[in-house]
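Spelled out, the chains give:
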Amino acid sequence: MQIGVIGLGRMGGNIVRRLTRAGHSCVVYDADPAPGAALAKDGATAVTSVPAMVEALAAPRTVWVMLPAGKITEETIKQLAGLMKPGDVIIDGGNTNFKDDVRRARELAPKGIKYLDVGTSGGVWGLQRGYCLMIGGDADAVKRLDPIFSALAPGVGSIERTKEREGEKQLDPRAEQGYLHAGPVGAGHFVKMIHNGIEYGMMQAFAEGFDIMRHRASEKLPADERYDLNLADVAEVWRRGSVVTSWLLDLTASALAKNEQLEGFSGHVEDSGEGRWTIEAAIEEAVPADVLAASLFVRFRSRQQHTFAEKVLSAMRLGFGGHVEAPKK
């Protein structure tokens, strides 16, 4: 299947590589020509502009936009809307606010252009592991593009299947393959937004736990209650059969094994927007979200004063998404 991809950064470039390896034809564009040239060596077709991409694609066209949420994505989708034809599909695979998805789909509908929002999780490891995809939009468009989504998804892999899913239940079989049509426009990014909000809470729990263990050797404690714990070893043993085993723990164990003091991190922790939107949704719905709200506020505080816990957060963010701390001011 043929698809255009705009935005060839950490995730966009690897999405193209994974699709190309699966036999799909990718037409690619980025404002920086270097990543397009590199992908052309792997079999993609690089073009020099958005109009050139639309021209190179056969109808019905599909263009996947993989750019940072905000102005650049908004402008790119507006440009595509002026170039594409009825029956074509625009996919936003970035971390857009789901309310913007609803608005865009409404604006594109009179033109006959379909709009899909695809929450994409997998970070810098997606090429090897596959991407967890949460899709919102028209069911027919999602069905037509199933070969694209199935190629990007991780598949069942070695994860044990959920026995309770068997039988006559009305459950989507795509979910255990690592991708899901969550619902109408906006549903994909909404589910991804909550995913990231939960991620904040999980990361904060690990960070605080390791910070507590690190301070157990404090001279302020009774001598016979002090423990000089090797945090790298604790993280490693937790990876082996414990209830808290997870990819985030894997990343933490790796970072601590490299440098137990995490000296390469200041503890300055950014938030990419989804955590804030998750709390806004909780307020709209009058749903308590104590842990998620607290984890977001800790990130705000991290930019003023830093603890070891924030260094752990920074280490995990670098591990799963390649997020580098903002430079010290």
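Bear in mind that the values here come from a model prediction, so they are computed numbers and not experimental data.

Q: I'd like a description of unusual backbone geometry, backed by residues and values.
A: Here the bond from A59 into P60 is cis, since omega is -5°, no more than 30 degrees from zero. Tracing the backbone through its elements, the reader meets P60 in the loop between α3 (50-56) and β4 (62-65). A positive phi is found at L262, a non-glycine position, where the angle reads about 50°. You can see L262 is positioned in the loop between α11 (247-258) and α12 (274-285).

Q: Go over helix α5 (residues 98-108) with me, naming the residues and quoting the values.
A: Within the sequence span of α5, burial applies to F98, D101, R104, A105 and L108. The arc that holds the buried residues of α5, viewed along the axis, is 110°, so those residues lie on one side. Where the residues of α5 are buried, they touch α4 (71-81), β5 (89-92), β6 (114-121) and α9 (187-214). N-cap assignment for α5: the residue whose side-chain oxygen lies 2.9 Å from the backbone N of K99 is N97.

Q: Describe the sheet that holds strand β8 (residues 179-183), and please don't skip the residues or the numbers.
A: If you walk across this open sheet you meet the 8 strands as β3-β2-β1-β4-β5-β6-β7-β8, and the pairing is mixed. Strand pairing shows two members of the sheet lacking a second neighbour, β3 (45-46) and β8, which therefore form its edges. Contacts from α9 reach β5, β6, β7 (132-136) and β8, with the element oriented near 20° to β6.

Q: Account for α11, with residues named and values stated.
A: Side chains that are three or four residues apart share a direction in an α-helix, a result of its 3.6 residues per turn. Counted at 1.5 Å a residue, the expected span for α11 with its 12 residues is 16 Å, and the 17 Å between its end C-alpha atoms agrees. Every buried residue of α11 is listed here: L248, L249, L251, T252, A253, A255 and L256. Close packing links the buried residues of α11 with α9, α10 (231-238) and α14 (308-321).

Q: Lay out the packing of aromatic side chains with the relevant residues and their values.
A: Inspection of every chain in the model, using the stated rule, returns 4 aromatic pairs. Geometrically, the ring pair formed by W64 and F149 is tilted, given 6.4 Å between the ring centres and 55° between the ring planes. Of this pair, W64 sits in strand β4 while F149 sits in helix α8 (residues 146-152), and the two are 85 residues apart along the sequence. According to the relative accessible area criterion, W64 is buried, its value standing at 0%. Of the residues examined, F149 reaches a relative accessible area of 0% and is grouped as buried. Ring centres of F210 and W238 lie 5.5 Å apart, and the angle between their planes is 55°; this geometry places the pair in the tilted category. Of this pair, F210 sits in helix α9 while W238 is found in helix α10, placing the two residues 28 residues apart along the sequence. The positively charged end of R129 is found above the aromatic ring belonging to W247, 4.1 Å away from the centroid.

Q: Residues and numbers for the environment of V65, please.
A: In this fold, V65 is placed in strand β4. C-alpha of V65 to C-alpha of I77: the two residues are 12 residues apart in sequence and 7.8 Å apart in space.

Q: So what's going on with the pattern of salt bridges? Which residues, and what values?
A: Applying the stated rule across the entire model yields 19 salt bridges. With a closest N to O distance of 3.0 Å, E74 and R103 form a salt bridge. One end of the pair, E74, is in helix α4; the other, R103, is in helix α5, and 29 residues separate them in sequence. The class for E74 is buried, based on a relative accessible area of 16%. Given the relative accessible area of 22%, R103 is considered partly exposed. D92 serves as the salt-bridge partner of R104, at 2.9 Å between the closest nitrogen and oxygen. In this pair, R104 sits in helix α5 while D92 sits in strand β5, placing the two residues 12 residues apart along the sequence. Through salt bridges with shared partners, a single ionic network connects E74, D92, D100, R103, R104 and E107.

Q: Describe the environment of R174, and please don't skip the residues or the numbers.
A: Within the fold, R174 resides in the loop between α8 and β8. Note on R174: relative accessible area 22%, which makes it partly exposed. Taking C-alpha positions, R174 is 27 Å from L108, a pair spaced 66 residues apart along the chain. Ignoring any residue separated from it by four or fewer positions in sequence, one finds R174 in contact with V142, D146, Y179 and H181.

Conventions and cut-offs
- Numbers given to residues run from 1 along each chain, matching the order in which its sequence is written.
- Reporting in this predicted model follows two pLDDT cut-offs: at least 70 for local features of residues, and 80 or more for side-chain atom pairs to be given and counted; totals over whole chains, interfaces and linings ignore these cut-offs and use all residues.
- Excluded from the side-chain calculations are hydrogens and water; all other atoms, namely the structure's heavy atoms, are used.
- Here a strand is any run of E in DSSP of at least two residues, a helix any run of H or I of at least four, and the numbering for each starts at the N terminus.
- Exposure is judged per residue with a 1.4 Å probe applied to protein chains only, and the accessible area is read against the type maximum: over 50% gives exposed, under 20% gives buried, and values in between give partly exposed.
- For this quantity, the arc is that covered by the directions from the helix axis to the C-beta atoms.
- Contacts are assigned to residue pairs with any non-hydrogen atoms lying within 4.5 Å of each other.
- Polar contact is the term for a pair of N or O atoms within 3.5 Å; when the atoms are in protein, one must be able to donate a hydrogen and the other to accept it, and sequence-neighboring residues count only if both atoms are side-chain atoms.
- Whether two strands pair comes down to DSSP finding at least two bridges between them.
- Axes, fitted as lines to C-alpha atoms, cover a helix only where it is in contact. Angles between the N-to-C directions of the axes lie from 0 to 180 degrees.
- Between the first and last residue of a helix there are one fewer steps than residues, each counted as 1.5 Å, and that sum is the expected span.
- Pairing of aromatic rings covers Phe, Tyr and the six-membered ring of Trp, with a centre-to-centre limit of 6.5 Å; geometry is then stacked below 30 degrees between planes, edge-to-face above 60, and tilted otherwise.
- A positively charged side chain is recorded as over a ring if its NZ (Lys) or CZ (Arg) lies within 6 Å of the ring centre. The angle to the ring normal must also be within 35 degrees.
- Salt bridges are defined by distance alone: a side-chain nitrogen of Lys or Arg within 4 Å of a carboxyl oxygen of Asp or Glu.

Honestly, that's just the spatial picture; any functional story needs more than this.
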